[in-house]
Amino acid sequence: MRITGQCRCGQVTLEIVAQQLPPLYACHCLNCQRWSGSAFGLHMLSAASAVQTVGETAIFEHEHQGQTSTQHACGTCHTRLFNETTAAPGMRVVRAGILDGSERLKPVAHIWTRRKQPWLVLPATIAQWQESPTPEAFAAALG
């Protein structure tokens, strides 16, 4: 399976090559709300080796709760493309809104729901956690 996407200005393209659609989840934490300028961040968790970019990217790091997050963004329009975190070595967290056909994607889990906007109603059949789940619980939900 090949999934493609691009930044807002089109200077950087992204490609994910995987056997199956990587799991998609929504994060409602305050950081994701501020970074996205929206009610939540929509993320696709992919093996780092499956995600490739073409074009000039800007890279910056920040520390949060003892973990280092390395952000990759377009060097021109600054659209965030993906990040890598010491909390999930070998993985890339792709910003799903940059993907072609993202309107067809559905999250399989919601995290940090205690920060969820009160007007947003989540399906009861989807895995949800008030904060960050344990890696084992999250892996089980992402299946």
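Residues numbered from 1 in each chain as written. Predicted model: local features only at pLDDT ≥ 70, side-chain atom pairs only at ≥ 80, totals over all residues. Heavy atoms only, no water.

Naming follows an unreviewed UniProt entry, where the protein appears as CENP-V/GFA domain-containing protein of marine sediment metagenome. UniProt, in its Sequence similarities (unreviewed entry) section for the protein, records the words "Belongs to the Gfa family." (UniProt positions renumbered as here; feature names shortened; annotations may be inferred.)

1. Some points on the overall build of the protein
The helix and strand tally for the protein stands at 2 helices and 11 strands. Its helices and strands in sequence order give the protein the pattern β-β-β-α-β-β-β-β-β-β-β-β-α, from N to C terminus. Relative to the globule expectation of 15 Å for 143 residues, the C-alpha radius of gyration of the protein, 15 Å, shows essentially globular dimensions. Across its three principal directions, the C-alpha atoms of the protein cover 40 × 30 × 30 Å. Within the span of the protein, comprising 143 residues, buried residues form 41% of the whole. Of the accessible surface of the protein, which amounts to about 8,200 Å², a share of 52% is contributed by carbon and sulfur atoms. (Helix = DSSP H or I, 4+ residues; strand = E, 2+ residues; numbered from the N terminus. Rg over C-alpha atoms; globule rule 2.2 N^0.38 Å. Buried < 20%, exposed > 50% of the residue type's maximum accessible area, 1.4 Å probe, protein only. Areas by Shrake-Rupley, 256 points an atom, 1.4 Å probe, with all protein chains shown as cover.)

2. Some points on the pairing of strand β2 (residues 13-17)
Of the two faces of β2, the one lined by Leu14 and Ile16 is fully buried and the one lined by Thr13, Glu15 and Val17 carries no buried residue. In this structure, β2 lies alongside strand β5 (residues 51-54), joined through 4 bridges in antiparallel fashion. When the bridges of β5 are listed, glutamate 15 appears paired with glutamine 52. (Pairing = 2+ DSSP bridges.)

3. Topic: the pattern of salt bridges
Any two side chains of opposite charge can pair, on the condition that their charged atoms come close. Applying the stated rule across the entire model yields 4 salt bridges. The shortest N-O distance in the salt bridge between arginine 104 and glutamate 103 comes to 3.8 Å. In this structure, arginine 104 and glutamate 103 share a single accessibility class: exposed. (Salt bridge = Lys/Arg side-chain N within 4 Å of Asp/Glu carboxyl O.)

4. Considering the sheet that holds strand β1 (residues 2-6)
Read from one edge of the open sheet, 3 strands run β1-β2-β5, paired in antiparallel fashion. Looking at the sheet topology across the chains shown, the edges are occupied by β1 and β5. Each strand axis lies, on average, 20° off the axis of its neighbour in the sheet, ignoring direction. (Axes fitted to C-alpha atoms, helices over the stretch in contact; angles between N-to-C directions.)

5. Some remarks on the UniProt feature "domain: CENP-V/GFA" (unreviewed entry) in the protein
Taking the UniProt record as the reference, the feature "domain: CENP-V/GFA" (unreviewed entry) is found at residues 3-120. In residues 3-120, the share of helix is 6% and the share of strand is 46%. The end C-alpha atoms are 28 Å apart.

6. Side note on unusual backbone geometry
Backbone geometry at glutamine 65 places phi at a positive 50°, although glycine is not the residue there. When its relative accessible area of 67% is taken as the criterion, glutamine 65 is described as exposed. With a phi angle near 70°, histidine 78 is a residue other than glycine that sits in the positive phi range. Mapping histidine 78 onto the fold places it in the loop between β7 (67-74) and β8 (80-85).

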